[in-house]
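# Geometric and topological summary
Below are the chains, spelled out letter by letter.
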Amino acid sequence: MRSSSARKLLSHSLRRNRAVPGSRFPSSTSCHSQRMWNSTAAPPPPDENPDQNSIDAGSSMRKPVSLWPGMYHSPVTNALWEARRNMFETPTGSSQSELTAKTPSRSRTSILYKFSSDFVLREQYRNPWNEIRTGKLVEDLDALAGTISFKHCSSGDGSARSMILVTASVDRIIMRRPIRVDADLSIVGAVTWVGRSSMEMQLQVLQTQDANNPSESVALEANFTFVARDAKTGKSTPINQVTPETEHEKMLWKEAEERNKLRKQKRAQGKEEQEKLKDLERLNDLLAEGRVFLDMPALADRNSILIKDTYHENSLICQPQQRNIHGRIFGGFLMRKAFELAFSNAYTFAGVSPRFLEVDRVDFIKPVDVGNFLRFKSRILYTEATNSAEPLINIEVIAHVTSPELRSSEVSNRFYFTFSVRPEAMKDGWKIRNVVPGTEEEARRVIERMDAERPIS
């Protein structure tokens, strides 16, 4: 999707970093990727280059080490960078810059994790409980979404107008069921909707539920939104449209269109929502128990805890190995660090290993550059224990880009995670404490998140 000058820049970067020229991926038929996308939908026509439809997650680990940006995230991001490099370095025809309509099958890409046979790969993704590291998986989702956006915006010969593609937002990442690390899994995704300069992709993590049931099953689902910017002016630039073919693709397009309308509607109603947060009655109800903690701590409910006592944070310097092709930090890397902090917070709060359920919509407010001092601050906003079998822990993580020299700190991202605890822990009579706000600011944040969790009519 880049101009000839951009491709030269990429080639120069590869030579400078002594990257291995050229690469091949283990062949995998395109129909396998399409079947994983939706087993009920009619298979789309084969892609012009089926070898790029499926990527072996462990392939990059069997190659000489490269310093190509992104390789230190995970084996998958390295493989995806190699796939993108091939798009730029192996043109097959004349350059085409005009816009064209593409079907979802043209951008559909899958990653195969051979956990059952690849011990080295499995070790990269195993957590202390011998389960999947969800944070690394989320990072891979962002990397795959980036590759899909590149494929959609590029022309048939791998060339395109000079533009920059960045992650604009991530709609809810929903865990449908637990993901095992000892069984093969796949991630598959494609562009489902396109506006003028933005596109939405649906990604699914697929894993066979058990050996006796070989049918593929969706374990996790996410929708990523990417936007295109002109490389010279930084302004939005038009991209290729998408033409859904099957009934399933048409349904996904319609759902994405509705989400886009709702986002615009919510932005237009932003001021009205701010007024609703001034509802003193709701604030006073939330602050009632918090005031007891502050004024009469000996009489406070022993099954409750103040929000301020649930704070966890960490900080890091953004390193060159975490950059993307534009020299900025990967959105997937930020999501992984936020997830791991939220997981640790939920773990110390619940006292038992938490179970991840969902990530709410993520907006990338401010870009993060190499060398930035990044601080992640997390707190538990509220808990829901009405369902004793599956209590919910709602956690906020805020990423701040901090500049000590300038004495400034700006919010880069806000993340909202939902965890529960394992069912076996609840059988032993385990209880989750209630979390109460102690300040008006905390109470407003709780009300805002509760309202955001409610479906929009």
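Residues numbered from 1 in each chain as written. Predicted model: local features only at pLDDT ≥ 70, side-chain atom pairs only at ≥ 80, totals over all residues. Heavy atoms only, no water.

The protein chain goes by Acyl-coenzyme A thioesterase 4, mitochondrial in an unreviewed UniProt entry, where it is assigned to Raphanus sativus. Heading Sequence similarities (unreviewed entry) of the UniProt record for the protein chain holds this comment: "Belongs to the acyl coenzyme A hydrolase family." (UniProt positions renumbered as here; feature names shortened; annotations may be inferred.)

Here the focus is the overall build of the protein chain. A count of helices and strands for the protein chain gives 12 helices and 15 strands. In the protein chain, buried positions account for 53% of the 457 residues. Considering only intrachain contacts with a sequence separation of at least 6, the fraction spanning at least 24 residues in the protein chain is 77%. (Helix = DSSP H or I, 4+ residues; strand = E, 2+ residues; numbered from the N terminus. Buried < 20%, exposed > 50% of the residue type's maximum accessible area, 1.4 Å probe, protein only. Contact = heavy atoms within 4.5 Å.)

Summed over all chains, the structure comprises 14 aromatic pairs. When the ring of phenylalanine 415 is compared with that of phenylalanine 417, the centres are 6.3 Å apart and the planes differ by 20 degrees; the resulting orientation is stacked. Here phenylalanine 417 falls in the buried class, since its relative accessible area comes to 3%. Ring-pair connections join several aromatic residues into one group, and the members of that group are Trp129, Phe339, Phe343, Tyr347, Phe356, Phe415, Phe417 and Phe419. (Phe/Tyr/Trp six-rings, centres within 6.5 Å; stacked < 30°, edge-to-face > 60°.)

Our focus in this paragraph is the side chain of serine 353. Position of serine 353 relative to the elements: it lies in the loop between α10 (331–350) and β10 (354–359). A polar atom in the side chain of serine 353 sits 3.0 Å from the side chain of arginine 422. Beyond its immediate chain neighbours, meaning those up to four positions away, serine 353 contacts Trp129, Phe343, Tyr347, Val421 and Arg422. (Polar contact = N/O pair within 3.5 Å; in protein donor to acceptor, adjacent residues only side chain to side chain.)

Between its first and last C-alpha, helix α12 (residues 440–453) extends 20 Å over 14 residues, near the 20 Å set by a 1.5 Å rise per residue. Those residues of α12 that fall on the buried side of the exposure criterion are Glu442, Ala443, Arg445, Val446, Ile447, Arg449 and Asp451. On its buried side, α12 packs onto α9 (280–295), β12 (373–384), β13 (392–403) and β14 (408–421). (Expected span 1.5 Å × (residues − 1).)

This part is about the environment of isoleucine 393. Mapping isoleucine 393 onto the fold places it in strand β13. Spatially, the C-alpha atoms of isoleucine 393 and phenylalanine 417 are 8.1 Å apart, while their sequence positions differ by 24 residues.

On to helix α6 (residues 134–153). Along its 20 residues, α6 runs 29 Å from first to last C-alpha, staying within 8% of the 28 Å computed at 1.5 Å per residue. Among the 20 residues of α6, 20 are classified as buried, and the element is accordingly described as predominantly covered.

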